[in-house]
Amino acid sequence: MSHRKFSAPRHGHLGFLPRKRSSRHRGKVKSWPKDDPSKPVHLTAFLGYKAGMTHILREIHRPAQKISKRETVEAVTIIDTPPLIVVGIVGYVETPKGLRTFKTIFAEHISDECKRRFYKNWCKSKKKAFTKYNKKWQDEAGKKQLEKDFEAMKKYCTIIRAIVHTQMRLLPLRQKKAHIMEIQLNGGTIAEKVDWAHEKLEKQIPVSTIFHTNEMIDVIGVTKGKGFKGVTSRWHTKKLPRKTHKGLRKVACIGAWHPARVGFTIARAGQKGYFHRTEINKKIYRIGQGIHIEDGKLVKNNASTHYDMTNKSITPMGGFPHYGEVNNDYVMVKGCVAGTRKRVLALRKSLLVHTKRQAIEPIELKFIDTTSKFGYGHFQTPEEKRAFMGPLKKDLIQVKASVPIDS
C-alpha cells in the first residue's frame, strides 16, 4: 500500500499539533535574533495592533526580469504602532538548565495603564502596586542599592531585556489595561546595553527607531478564533458520498481494530482558530508618521506619495471597520497577518539573512487606497466626495441655522 501516500496523502499538517486554544492572547517571542556586538544597541521587537487592510499600487523594480517596470496592485495590512514606554530592565545569566533571571529593576514612575496589568480587578483594588518600590529612587540608601544592582548586571549578566508597555489611551479601543512585554536588547557590550536601558527608562520608543522601510520582519500573534468545528472544516478532509448514512462531513475510518485506540494522527472534530502562530518574512512597505503638529499646522498626509500628492491620512473614509481611526505611527506590511482587528501583535526583527531579490527590492509606492472599506468606496477623501455630491441637505440646514433671522 505504499502508493497510497502519493495518490491520497493525509489531510492537515501534524506539525501544528495540538490544535487547542492558545493560553496567551499576546504573541510570545520564543527566539530572538543573534546578537552582534559590533552594531549599536537596539530593541529587536515591537508591539502593534491590527487596524485593517487596504491596497496599494506600486512599480516593480527587479532588473533583468520581464515583470520589471510594470505596475502591480497588492493587498497590505495596517498595524497601529503607538510608541512603547520602557518601565524596567531584566538581566539574565546562563546556567546549565538555561537562562535564569539575575536582576529586575523597575522605573520610578509607572502609569496606571501599566499597573492595571498587575491586578485582576483594578476598580476594587487599593492600587498600591510599586508604592514601596518607588521610594528606592528617592532616598540615598535606595539609590546606592540601585547603583549596586546596575553594576552587578554589567558584571554578571549575559542577556539584557527591556520591559516595555503599550499606550492604550492613544488607541481607539475600550481596553485600558496595557500589554507588557520583555524585548531583548542586541548590539554593543553588556555595559552599553544596561546604560542604554537605564537612560531610556520612562521614555517613549517610536517604531521608526527599530524598523525601517523595505525590511523583512516576523509577525507573531494569535489567529482568529472559529470555535468547535468538524473534520471537513478543521482538517479539510474529503466529504463522503451523497447517500452516506448519518451524515457525510465525517471521517469514514478512524483506524484499524488493533491497536484498539484512536491514533493521534486521525482527523477529529475540535477547536479551530485562536492558535499561536509565527509568520516569517513580512515585508514593510511603509512606516508612516502619525498625525502631528508642525509649525503650528496639523500634518496628516501620511497616505500621500510622490505620484499622489493628495492631502489624506491612512484612515479610510468612515474609518477602519470595527477598529476606528489610525492617528499614531503605523507599519504597512505586505499581505495579511494573523488575528482579527484590534488583536495585539508582536513584530520581531528577522532571524535570517535575506539575499533574495524579492526581499532586497526597494519599494516605491505610487498610490494608497483610502476609500471606504464598508461599501463600494467611490471617494478617496471627504473633499472629493463633497465636490462630486454637491451640498447635502444637512449642510444646507446647518447654513440656514447659522444665518441670523432679521426681526
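Higher on the page you've got the structure.
Engineer: Describe in detail the pattern of salt bridges, supporting the description with residues and values.
Structural biologist: Inspection of the entire model under this criterion finds 17 salt bridges. What emerges from the salt-bridge pattern is a single network uniting Arg58, Arg62, Glu74, Lys334 and Glu361.

Engineer: Quick one: what's the story with the pairing of strand S4 (residues 84–95), residue by residue and with numbers?
Structural biologist: Within S4, 10 of the 12 residues are buried, which leaves the element mostly enclosed by the surrounding structure. The sheet contact formed by S4 and strand S8 (residues 204–205) spans two bridges and is antiparallel. Across the sheet, the residue bridging to Ile85 is Gln204, located in S8. For S4 and strand S6 (residues 159–165), the ladder comprises seven bridges, and the chain directions are antiparallel. Each residue of the ladder has a partner; that of Ile89, found in S6, is Ala162. Linkage of S4 to strand S5 (residues 98–106), two consecutive antiparallel strands, is achieved through a turn of two residues.

Engineer: Kindly report on the pairing of strand S16 (residues 344–349), identifying the contributing residues and their values.
Structural biologist: Across the six residues that make up S16, a large majority, six, are buried. Burial along S16 is two-sided: the residues Val344, Ala346 and Arg348 and Leu345, Leu347 and Lys349 are all buried. Both strand S9 (residues 216–222) and S16 contribute to a ladder of four bridges, which runs antiparallel. Bridging across to S16, Ile220 finds its partner in Ala346.

Engineer: Help me get a handle on a positive patch on the surface, residues and values and all.
Structural biologist: On the surface, a cluster of positive charge is contributed by Arg174, Lys224, Lys226, Lys229, Lys239, Arg249, Arg341 and Lys342. Residue placement: Arg341 occurs in the loop between strand S15 (330–334) and S16. What makes Arg341 partly exposed here is its relative accessible area of 34%.

Engineer: Residues and numbers for helix H4 (residues 190–200), please.
Structural biologist: The complete set of buried residues in H4 reads Ile190, Lys193, Val194, Trp196 and Ala197. Buried residues along H4 cover an arc of 160° about the axis, so they all sit on one side. Residues of H4 that are buried make contact with strand S1 (42–43), S4, helix H3 (140–156), S6, strand S7 (180–186) and S8. Residue Glu202 follows H4 closely and has a positive phi angle near 70°.

Engineer: How would you sum up the packing of H3 against H4? Please name residues and give values.
Structural biologist: Contact geometry for H3 and H4: axes closest at 8 Å, N-to-C directions at 145°. Within the contact between the two elements, H3 uses Glu147, Phe150, Met153 and Lys154 and H4 uses Ile190, Ala191, Val194, Asp195 and His198. Counted by class, the contact of H3 with H4 contains five nonpolar, one polar and three charged residues.

Engineer: Quick rundown of the side chain of Arg234? Include the residues and the values.
Structural biologist: When you line up the elements, Arg234 lands in helix H5 (residues 231–235). One buried charged residue, Arg234, forms no salt bridge at all, with the nearest opposite charge on Glu279 at 20 Å. A polar contact is formed between the side chain of Arg234 and the backbone oxygen of Gln271, at a distance of 2.7 Å. Ignoring anything within four residues of it in the chain, the contact list for Arg234 reads Arg19, Lys229, Arg268, Ala269, Gly270, Gln271 and Lys272.

Engineer: Please give an account of the packing of aromatic side chains that cites residues and values.
Structural biologist: As enumerated under the stated definition, the model contains seven aromatic pairs in all. Geometrically, the ring pair formed by Phe106 and Tyr133 is edge-to-face, given 6.2 Å between the ring centres and 85° between the ring planes. In this pair, Phe106 is assigned in strand S5 and Tyr133 in the loop between helix H2 (112–115) and H3, connecting sequence segments 27 residues apart. One residue, Lys103, lies across the ring of Phe102, its end atom 5.4 Å from the ring centre. Above the face of the Tyr307 ring, Lys366 is positioned so that its terminal group lies 4.8 Å from the ring centre.

Engineer: I'd like a rundown of a nonpolar patch on the surface, residues and numbers included.
Structural biologist: Together, Ile280, Leu351 and Leu352 make up a nonpolar patch on the protein surface, roughly 270 Å² of accessible area in all. Relative to the helices and strands, Leu351 is located in the loop between S16 and helix H6 (357–360). Overall, the relative accessible area of 40% leaves Leu351 in the partly exposed class.

Engineer: I'd like a rundown of unusual backbone geometry, residues and numbers included.
Structural biologist: Cis geometry marks the peptide bond from Leu17 to Pro18, where omega comes out at -10°. Examined against the element boundaries, Pro18 turns out to sit in the loop between helix H1 (4–7) and S1. At the junction of His258 and Pro259, the peptide bond is cis and its omega measures out at 0° in the coordinates. Here Pro259 shows up in the loop between H5 and strand S11 (270–272). Positive phi is not limited to glycine here, since Asn281 has a value of about 60°.

Criteria and thresholds
- Residues numbered from 1 in each chain as written.
- Predicted model: local features only at pLDDT ≥ 70, side-chain atom pairs only at ≥ 80, totals over all residues.
- Heavy atoms only, no water.
- Salt bridge = Lys/Arg side-chain N within 4 Å of Asp/Glu carboxyl O.
- Buried < 20%, exposed > 50% of the residue type's maximum accessible area, 1.4 Å probe, protein only.
- Helix = DSSP H or I, 4+ residues; strand = E, 2+ residues; numbered from the N terminus.
- Pairing = 2+ DSSP bridges.
- Patch = residues over 30% accessible without salt bridge, like charges linked within 9 Å, V, L, I, M, F, W, Y side chains within 5 Å.
- Areas by Shrake-Rupley, 256 points an atom, 1.4 Å probe, with all protein chains shown as cover.
- Lys, Arg positive; Asp, Glu negative; His and termini not counted.
- Charge placed at Lys NZ, Arg CZ, Asp CG, Glu CD.
- Arc of directions from axis to C-beta.
- Contact = heavy atoms within 4.5 Å.
- Axes fitted to C-alpha atoms, helices over the stretch in contact; angles between N-to-C directions.
- Nonpolar A, V, L, I, M, F, W, Y, C, P; charged D, E, K, R; others polar.
- Polar contact = N/O pair within 3.5 Å; in protein donor to acceptor, adjacent residues only side chain to side chain.
- Phe/Tyr/Trp six-rings, centres within 6.5 Å; stacked < 30°, edge-to-face > 60°.
- Lys NZ or Arg CZ within 6 Å of the ring centre and 35° of its normal.

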